[in-house]
Amino acid sequence: MTTGAPPPRIPAARLTLEGLTPPAAAGLRAGGGGGFEWLGGGPYEGTRDAAGMLVKAYVNGVHRPEFGLYVLVRHEDGRAVGSMGFHAAPDEDGRTEIGYDLVEAARGHGYATEALRALAAWALARSDVRRLFAVVEHANAASRAVLERAGFVRVAESDGDGGDDAYELT
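Residues numbered from 1 in each chain as written. Predicted model: local features only at pLDDT ≥ 70, side-chain atom pairs only at ≥ 80, totals over all residues. Heavy atoms only, no water.

1. Details of the overall build of the chain
Phase 1: A count of helical and extended segments in the chain gives four helices and eight strands.
Phase 2: Since a compact globule built from 170 residues should have a radius of gyration of about 15 Å, the 15 Å found for the chain is in line with a globular shape.
Phase 3: Along the three orthogonal principal directions, the C-alpha set of the chain runs to about 45 × 40 × 30 Å.
Phase 4: Out of the 170 residues belonging to the chain, those deemed buried represent 45%.
Phase 5: For the chain, long-range pairs separated by at least 24 residues make up 55% of all intrachain contacts whose partners lie at least 6 apart in sequence.
Phase 6: By element, 49% of the accessible surface of the chain is carried by carbon and sulfur atoms, the whole surface being about 8,300 Å². (Helix = DSSP H or I, 4+ residues; strand = E, 2+ residues; numbered from the N terminus. Rg over C-alpha atoms; globule rule 2.2 N^0.38 Å. Buried < 20%, exposed > 50% of the residue type's maximum accessible area, 1.4 Å probe, protein only. Contact = heavy atoms within 4.5 Å. Areas by Shrake-Rupley, 256 points an atom, 1.4 Å probe, with all protein chains shown as cover.)

2. What to know about the pattern of salt bridges
Phase 1: Going through the model one piece at a time under the given rule, you end up with 14 salt bridges.
Phase 2: Residues E37 and R79 are paired through a salt bridge, measuring 3.0 Å at the closest nitrogen-oxygen approach. One end of the pair, E37, is in the loop between α1 (22-29) and α2 (45-59); the other, R79, is in the loop between β3 (69-74) and β4 (80-86), with 42 residues separating them in the sequence.
Phase 3: A relative accessible area of 48% places E37 in the partly exposed class.
Phase 4: A salt bridge links D128 to R126; the shortest N-O distance between them is 2.9 Å.
Phase 5: Relative accessible area serves as the criterion here: at 25%, R126 is assigned to the partly exposed category. (Salt bridge = Lys/Arg side-chain N within 4 Å of Asp/Glu carboxyl O.)

3. Digging into the environment of E45
Phase 1: In this fold, E45 is placed in helix α2.
Phase 2: Counting along the chain gives 36 residues from E45 to R9, while the straight-line C-alpha distance between them is 23 Å.

4. Observations concerning α1
Phase 1: For α1, the set of buried residues is P22, A24, A25 and L28. What you see down the axis of α1 is that its buried residues fit within an arc of 155°, all on one side.
Phase 2: Next to the buried residues of α1 lie α2.
Phase 3: Just downstream of α1, G31 is the residue with a positive phi angle, here 110°. (Arc of directions from axis to C-beta.)

5. Some points on the environment of R64
Phase 1: If you trace the backbone, R64 turns up in the loop between α2 and β3.
Phase 2: Sequence separation between R64 and A89 is 25 residues, and the spatial gap between their C-alpha atoms is 6.9 Å.
Phase 3: Sequence-distant contacts of R64, defined by excluding residues within four places in its chain, comprise A89, P90, R126 and D128.

6. Remarks on the packing of aromatic side chains
Phase 1: Applying the stated rule across the entire model yields three aromatic pairs.
Phase 2: For the pair F67 and W122, a centre-to-centre distance of 5.8 Å together with 55° between the ring planes defines the contact as tilted. With F67 in the loop between α2 and β3 and W122 in helix α3 (residues 111-124), the pair connects residues that are 55 residues apart, well separated along the chain.
Phase 3: Judged by its relative accessible area of 5%, F67 falls in the buried class.
Phase 4: What makes W122 partly exposed here is its relative accessible area of 24%.
Phase 5: Taking the centre distance of 6.2 Å and the plane angle of 50° together, the rings of F86 and W122 count as tilted. Separated by 36 residues along the polypeptide, F86 in strand β4 and W122 in helix α3 bring together distant segments of the chain.
Phase 6: Joined through ring pairs, the aromatic side chains of F67, F86 and W122 make up one cluster.
Phase 7: The ring of F133 carries the charged tip of R95 above its face, separated from the ring centre by 3.8 Å.
Phase 8: Above the ring of Y44, the side-chain terminus of R107 is found at 4.8 Å from the ring centroid. (Phe/Tyr/Trp six-rings, centres within 6.5 Å; stacked < 30°, edge-to-face > 60°. Lys NZ or Arg CZ within 6 Å of the ring centre and 35° of its normal.)

Structure below.
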């Protein structure tokens, strides 16, 4: 599995969002580190699932590196603290969905908010993106707070603790 262009990189204050290549994603999906040294020994399971989505897109010929998965790498020590990325490239209306997670040891330090602001600014500066969308479990107050701090607005609310809330940023 080879790719031609270098993976995209998006800078943030304390982090760099490092675009994941298909070979690195395959390594992550298989249980490895994907070429990164992870805080806490390894990524959260959501990162491994997202890496599998990237590999599937690549195999199916629809992978667009800039709309893939990014690993959040801390400047201070070079360790990966989580991931963030797109579920797919934007649709014909310019809408794409974002997902993210952090390793437990990195939670509560503002990394997710910082990375989401950087990724959202990068995406919305493009001509092919007009709306970012995210879905989060209603019970996940920390993740809802990340979205709200990054400027996302709740556009649909679940009718109970077992449901999901939808957020959007334009």
